[in-house]
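Here is how the chains run, residue by residue.
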Amino acid sequence: YTSTVTNEGNTTLTDVVVTDAMFSSTQIGESLRVVDAEGNDVAYTLGTGGVLTITGDMDVDAVYTITYTYAISQDEIDANAPILNAVTVTSAEDDDTNEDTDEDADTTTDLYYNPDVAVEKTVTATNGSGPSGELSKEDDTIDYTITVTNEGNTTLTDVVVTDEMFSSTQIT
């Protein structure tokens, strides 16, 4: 994600606070970075609840870019819902003026939800009584293996395998 914070006013801002719930997520690891327009690191403190406070003043026309990488979780994929990311910016000057300097923005990212299951049934052995092990008499046996594979990207639940031979009295 990339968020850009710009001081578009006519006064230097102090105590600029950027709130983004994802800042507190373990899913961003150590990827969070704040830089100015020249690419220099900007000092900040990261509090609880996704609160990032810029250390120092933000001059008129200053532009800060906040970037981080968010790793989606399996639970988010399984939920089959888009990821909403919202950010809000405030400063100490919000209380000092009649101007509303609060700004917020959000973005929605759709996830690819692809439940898919495959099944394969194979003969793994035959135990026949014929000259070369062929199946030739009653009670000769065939060993089967059924393999079920989750080929999608979602967690599958309540997977049911049905085979007409399961109800056979000949299964041992």
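Calculation rules
Residues numbered from 1 in each chain as written. Predicted model: local features only at pLDDT ≥ 70, side-chain atom pairs only at ≥ 80, totals over all residues. Heavy atoms only, no water. pLDDT = per-residue confidence, 0-100. Helix = DSSP H or I, 4+ residues; strand = E, 2+ residues; numbered from the N terminus. Salt bridge = Lys/Arg side-chain N within 4 Å of Asp/Glu carboxyl O. Buried < 20%, exposed > 50% of the residue type's maximum accessible area, 1.4 Å probe, protein only. Phe/Tyr/Trp six-rings, centres within 6.5 Å; stacked < 30°, edge-to-face > 60°. Pairing = 2+ DSSP bridges. Axes fitted to C-alpha atoms, helices over the stretch in contact; angles between N-to-C directions. Contact = heavy atoms within 4.5 Å.

### Thoughts on the confidence of the model for the protein
Within the protein, residue pLDDT values average 90, and 94% of them lie at 70 or more. Put simply, strand S8 (residues 103-109) is where the protein has its lowest mean pLDDT, 90, and strand S6 (residues 63-67) is where it has its highest, 97.

### Comments concerning the pattern of salt bridges
For the structure shown, the criterion picks out two salt bridges. For the salt bridge of Asp 41 with Arg 33, the shortest nitrogen-to-oxygen distance reads 2.8 Å. Classification of Arg 33 as partly exposed rests on a relative accessible area of 41%. For Asp 163, the salt bridge is made with Lys 121, and the minimal N-O distance between the two is 2.6 Å. With Asp 163 in the segment after strand S10 (141-150) and Lys 121 in strand S9 (residues 117-127), the pair connects residues that are 42 residues apart, well separated along the chain. Given a relative accessible area of 39%, Lys 121 falls into the partly exposed group.

### Concerning the packing of aromatic side chains
Tallied over the entire structure, the rule returns three aromatic pairs. Here the aromatic rings of Phe 23 and Tyr 68 are separated by 5.6 Å at their centres, their planes lie at 75°, and the arrangement is edge-to-face. Separated by 45 residues along the polypeptide, Phe 23 in the loop between strand S2 (17-19) and strand S3 (33-36) and Tyr 68 in the loop between S6 and helix H1 (74-79) bring together distant segments of the chain. No difference in accessibility class separates Phe 23 from Tyr 68, as the two residues are buried.

### Here we look at the environment of Thr 26
Relative to the elements of secondary structure, Thr 26 occurs in the loop between S2 and S3. For the pair Thr 26 and Ala 71, spaced 45 residues apart in sequence, the C-alpha to C-alpha distance is 9.0 Å.

### Examining the sheet that holds strand S4 (residues 44-46)
The five strands are arranged S4-S5-S2-S7-S8 in an open sheet whose pairing can be described as antiparallel. The open sheet has two edge strands, S4 and S8, and neither has a second partner. Adjacent strand axes in the sheet meet at a mean angle of 15° when their direction is disregarded. In this sheet, S8 lies alongside strand S7 (residues 83-90) in antiparallel orientation, the contact comprising seven bridges. Paired with Val 89 across the bridge in S8 is Glu 103.

### Considerations on unusual backbone geometry
Of note, Asn 80 is a non-glycine position whose phi angle comes to about 50°, a positive value. Turning to its location among the elements, Asn 80 is positioned in the loop between H1 and S7. A positive phi is found at Asp 139, a non-glycine position, where the angle reads about 80°. Following the sequence through the fold, Asp 139 ends up in the loop between S9 and S10. Note on Asp 139: relative accessible area 69%, which makes it exposed.

### Here we look at the side chain of Asn 85
You can see Asn 85 is positioned in strand S7. Apart from residues lying up to four places away in sequence, Asn 85 is in contact with Tyr 1, Asp 20, Met 22, Tyr 68, Ala 105, Asp 106 and Thr 107.

### A few points about the sheet that holds S6
The strand order S1-S6-S3 describes an open sheet built from three strands, whose pairing is antiparallel. Each edge of the sheet is formed by a strand with only one pairing partner; in this case those strands are strand S1 (2-6) and S3. The average undirected angle you get between the axes of adjacent strands in this sheet is 20°. Pairing of S1 with S6, which is carried by five bridges, proceeds in the antiparallel orientation. Paired with Ser 3 across the two strands is Ile 66, which belongs to S6.

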